[in-house]
Amino acid sequence: MLLHGGHGSWEHWIRNIGPLSKHGKVIAGDLPGLGDSDPLSPPVDAPRLAEIVVSGIRKLAPEGDLVLGGFSLGSVITAHAAAALGTYVRQVFLLGPAGLGAGWADNSEGMLRRPYRASVAEQRAVVRHNLGVSMIGVPSQVDELAVDIQFRLTSRRRRLIGMPISDSSATLDVMPDIASRAHVIAGDRDRYLQPNVAACLGRLNREFPAMRTTIVKGAGHWVAYDAADRVNDLFVGSLGVH
């Protein structure tokens, strides 16, 4: 089960679904209020969103023995869902995680506002720039597929504003319950982890020594896309498949 980031959809996992589906059933859902999912009435927080996810998981994967993966905002919801599901979940992957208190910040420096009244070409140029600033580790490696996805996603009105959840300590709140099953993956150029990626994950390791961490060299915040082969290998490895 894969959960996407803020202002996102299942397409955040576009480079992972196919390869992972060779090894088992893959469910990539849209969080309430994003993508094609209906919104929730307020108030909306991580535990409430996780309740919806848990309900869906129990219906779609009643056999259990699950691997959960969450990206950015989705990592917070994934962590809470894993805590609620207990041993129903084998492994929890938190990619470019949020909800880390002082270890995460909304770093929008260098981002440009999308000019919705401009030409499509001008809008795509801004989307490409912003991907290079905030999502992809090496700006020159922003490809057309990434631009296509982000152009579509940012063309849709968000009905879930996830920033208050991302900018909280909600992941840390449940980490004691999931640390032995948790694996945090982050690109070394993830601009949101504070004060830097190595320091942030080092602190997590000290606080939760049972948790695994992997830093992917050259990758940015959208590590599941930016370093898809590496991420897919880590997921598959958790299944005991070689």
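Right above here is the structure, for reference.
Counting from 1, residues in each chain are numbered in the order their sequence is written. Reporting in this predicted model follows two pLDDT cut-offs: at least 70 for local features of residues, and 80 or more for side-chain atom pairs to be given and counted; totals over whole chains, interfaces and linings ignore these cut-offs and use all residues. Side-chain figures throughout are based on the complete set of non-hydrogen atoms in the structure, without hydrogens or water.

**Let's talk about the overall build of the protein**
Condition: Each helix corresponds to a stretch of at least 4 residues labelled H or I by DSSP, and each strand to a stretch of at least 2 residues labelled E; elements are numbered beginning at the N terminus. Our radius of gyration is a C-alpha quantity, and the globule rule it is checked against amounts to 2.2 Å times the number of residues to the power 0.38. Exposed residues in this analysis have more than 50% of their type's maximum accessible area, buried residues have under 20%, and partly exposed residues fall in between, with area computed by a 1.4 Å probe over protein chains only. What makes two residues a contact is simply this: any of their non-hydrogen atoms within 4.5 Å.
The number of helices and strands found in the protein is ten helices and six strands. Taken against the 2.2 N^0.38 rule, which gives 18 Å for 242 residues, the C-alpha radius of gyration of the protein at 17 Å falls within 12% of a compact globule. The C-alpha extent of the protein, read off along each of the three principal axes, is 50 × 35 × 35 Å. Taken across its 242 residues, the protein has 52% of its residues classed as buried. Contacts in the protein between residues far apart in sequence, at least 24 positions, make up 73% of those at least 6 positions apart.

**Concerning the side chain of Thr214**
Secondary-structure assignment places Thr214 in strand S6 (residues 212-216). Of the residues examined, Thr214 reaches a relative accessible area of 9% and is grouped as buried. Among all residues touching Thr214, those that are not within four sequence positions of it are His183, Val184, Ile185, Ala186, Leu201, Arg230 and Leu234.

**So, the layout of surface pockets**
Spelled out, the test is: Here a cavity denotes a set of grid points, spaced 1 Å apart and computed over the protein atoms alone, in which a 1.4 Å probe fits but from which it cannot get out, and a pocket denotes an open set meeting protein on both sides within 12 Å along at least five of seven lines; residues with an atom within 4 Å of a point are reported as lining. Grid points are joined across faces, edges and corners, and a volume is the space filled by probe spheres set on the points. Only Asp, Glu, Lys and Arg are considered charged in this grouping, and only Ala, Val, Leu, Ile, Met, Phe, Trp, Tyr, Cys and Pro are considered nonpolar; every other residue, Gly among them, is considered polar.
Taken as a whole, the largest pocket encloses approximately 840 Å³ of empty space. Lining the largest pocket are 29 residues, with His7, Met111, Gln150, Arg158 and Tyr192 sitting closest to its centre. Secondary structure elements with two or more residues in the lining of the largest pocket: helix H4 (120-134), helix H5 (144-155) and helix H6 (163-166). In terms of residue count, H4 provides more of the lining of the largest pocket than any other element does, four residues in total. A volume near 360 Å³ is recorded for the second largest pocket. Taken together, 17 residues make up the lining of the second largest pocket; nearest its centre are Met1, Gly24, Lys25, Val67 and Leu239. Residue composition of the lining of the second largest pocket, grouped by class: ten nonpolar, three polar and four charged.

**Some thoughts on unusual backbone geometry**
With an omega dihedral of 0°, the bond running from Pro42 to Pro43 counts as a cis peptide bond. If you trace the backbone, Pro43 turns up in the loop between strand S2 (28-29) and helix H2 (46-60). Here the amide bond leading from Gln194 into Pro195 is cis, since omega sits at -5°, within 30 degrees of zero. With respect to the helices and strands, Pro195 occurs in the loop between strand S5 (182-187) and helix H8 (197-207). Non-glycine residue Asp65 carries a positive phi angle of around 55°. Looking at where Asp65 falls in the secondary structure, it is placed in the loop between H2 and strand S3 (66-71). For Asp65, a relative accessible area of 49% puts it in the partly exposed group. One non-glycine residue, Ser72, lies in the positive phi region at around 55°.

**Observations concerning the sheet that holds S6**
Going by this rule: Here, strands pair whenever DSSP counts at least two bridges between them. With axes taken as lines fitted to C-alpha atoms, and helix axes fitted only over the stretch in contact, angles between N-to-C directions fall between 0 and 180 degrees.
Strand order in this open sheet of six strands is S2-S1-S3-S4-S5-S6, and the pairing throughout is parallel. Looking along the sheet, the strands with just one partner apiece sit at the ends: S2 and S6. Both strand S1 (residues 2-3) and S3 contribute to a ladder of two bridges, which runs parallel. The partner of Leu2 across the bridge, within S3, is Gly69. Contacts from helix H3 (residues 73-85) reach S1, S3 and strand S4 (89-95) within the one sheet, and its direction differs from that of S3 by about 150°. Packed on one face of the sheet, helix H7 (residues 170-178) meets S4 and S5 and runs near 145° to S4.

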